[in-house]
Amino acid sequence: MRLPLESVPNFSEGRDAETIDAIAGALSGAAELLDVHSDADHNRSVFTLVGDEDALASALLAGVACARERIDLRRHEGAHPRIGAADVVPVVAIDPADVERARACALAVAGRIGAELQLPVFLYGDSAERRGPAFFRSGGPAELQRRIDDGELAPDFGPATLDEAAGAVMVGARHPLVAFNVNLATDDVDVARAIAAIVRERGGGFPGVRALGLALPRAGHAQVSMNVEDYEAAALHEIVARIEAEARERGVEVLGSELVGLMPAGAAAAAAGSSLRIEGFDPDRVLELRLLRRD
């Protein structure tokens, strides 16, 4: 059974319902929209859609065009770093055998955004020597434009000048990941930043974990915001346990956790097996996953 490709585009709008609905409508015109996750403090929405290469390309182009018309970064403020109205557009191979399909689709989408929408496009992830979004977001749109002007960087597609309102777009193929946040019972963002520094890979923490400590003034608490890029190397339940321990050392409790978008079934199965203390539990013990692998 051939699985569809997945895309999880992130747009820099999490408050205006009309804009979020308009982007959802644009994305669902050609592909199947599975989930929308919006956060007012992050001021960001994450959409999950699936389809074949042609369907995804058409849907993503329509979604980015809608964001370009409706989102103005000059008036944007939010906790999450960004360089564009359509900030990052990943294409994901659900089946590992489809990695080349995902790369080809991402390249086609990037080229069309640059040529048809005239937005600067930067390749990232598996499409660009493993450069991650943080490489481009550091310092925001103004710093990215300076790096372009100084010759440090050049867009892979589209013009060399960021759109004043819509910025630039990152496009790339990547592996499935889990976007996962842990909320703390404190508004002290320094606590969240300290814990994020401990659990992220760059600080010697869990492999494949990217983490930020963010203040969420509307929600009234701080948050450890993470991308878990390899849920087999860094199990979610182990990450949460470490965050709980670090928070407790600082006199803070964990309010709960939050899933952004959808997660691979294997990640949920691993966490469930650990919580239930089932010895030798792995995704092959889940009926639906066994049937999919058989097919």
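Our subject is the structure listed above.
Note that the structure is predicted; figures quoted are calculated from it, not measured. (Residues numbered from 1 in each chain as written. Predicted model: local features only at pLDDT ≥ 70, side-chain atom pairs only at ≥ 80, totals over all residues. Heavy atoms only, no water.)

Caption draft 1: Fine view of the packing of helix H6 (residues 189–199) against helix H7 (residues 236–249). H7 packs onto H6 with a crossing angle of 140° between their chain directions and a minimal axis gap of 10 Å. Accordingly, the angle class assigned to the pair H6 and H7 is oblique. Note that H6 runs across H7; the crossing there is right-handed. Here Ile195, Ile198 and Val199 of H6 come into contact with H7, specifically with Arg242, Ile243, Glu246 and Ala247. Class assignment for the residues of the contact of H6 with H7 results in 5 nonpolar, no polar and 2 charged. (Axes fitted to C-alpha atoms, helices over the stretch in contact; angles between N-to-C directions. Helix = DSSP H or I, 4+ residues; strand = E, 2+ residues; numbered from the N terminus. Parallel < 35°, antiparallel > 145°, perpendicular 65-115°, else oblique. Left-handed = near helix turned anticlockwise from the far one by under 90°. Contact = heavy atoms within 4.5 Å. Nonpolar A, V, L, I, M, F, W, Y, C, P; charged D, E, K, R; others polar.)

Caption draft 2: Representation of the sheet that holds strand E9 (residues 209–216). Read from one edge of the open sheet, 4 strands run E9-E10-E8-E11, paired in antiparallel fashion. The open sheet has two edge strands with one neighbour each: E9 and strand E11 (254–260). When the angles between neighbouring strand axes are averaged without regard to direction, this sheet yields 20°. Judged from the 6 bridges that link them, strand E8 (residues 178–184) and E11 form a sheet pairing that is antiparallel. (Pairing = 2+ DSSP bridges.)

Caption draft 3: Broad picture of H7. A rise of 1.5 Å per residue sets the reference length of H7, with its 14 residues, at 20 Å; its end C-alpha atoms lie 20 Å apart and thus fit the reference within 8%. All of the buried residues in H7 are Leu236, Ile239, Val240, Ile243, Glu246 and Ala247. Axial view of H7: buried residues confined to an arc of 130°, hence all on one face. Seen from the buried face of H7, the exposed residues on the opposite side, beyond 90 degrees, are Arg248 and Glu249. Buried positions along H7 lie against E8, H6, E9, strand E10 (221–228), E11 and helix H8 (265–275). (Expected span 1.5 Å × (residues − 1). Buried < 20%, exposed > 50% of the residue type's maximum accessible area, 1.4 Å probe, protein only. Arc of directions from axis to C-beta.)

Caption draft 4: Focus on the pattern of salt bridges. What the rule picks out here adds up to 21 salt bridges. The shortest N-O distance in the salt bridge between Arg2 and Glu53 comes to 3.6 Å. Of the two residues, Arg2 sits in the segment before strand E1 (5–7) while Glu53 sits in helix H2 (residues 53–70), which places them 51 residues apart along the sequence. Classification of Arg2 by relative accessible area gives exposed; the value is 60%. Residue Glu53 is classed as partly exposed on the basis of its relative accessible area of 24%. Salt bridges sharing partners connect three or more residues here, namely Glu143, Arg146, Arg147, Asp150 and Glu152. (Salt bridge = Lys/Arg side-chain N within 4 Å of Asp/Glu carboxyl O.)

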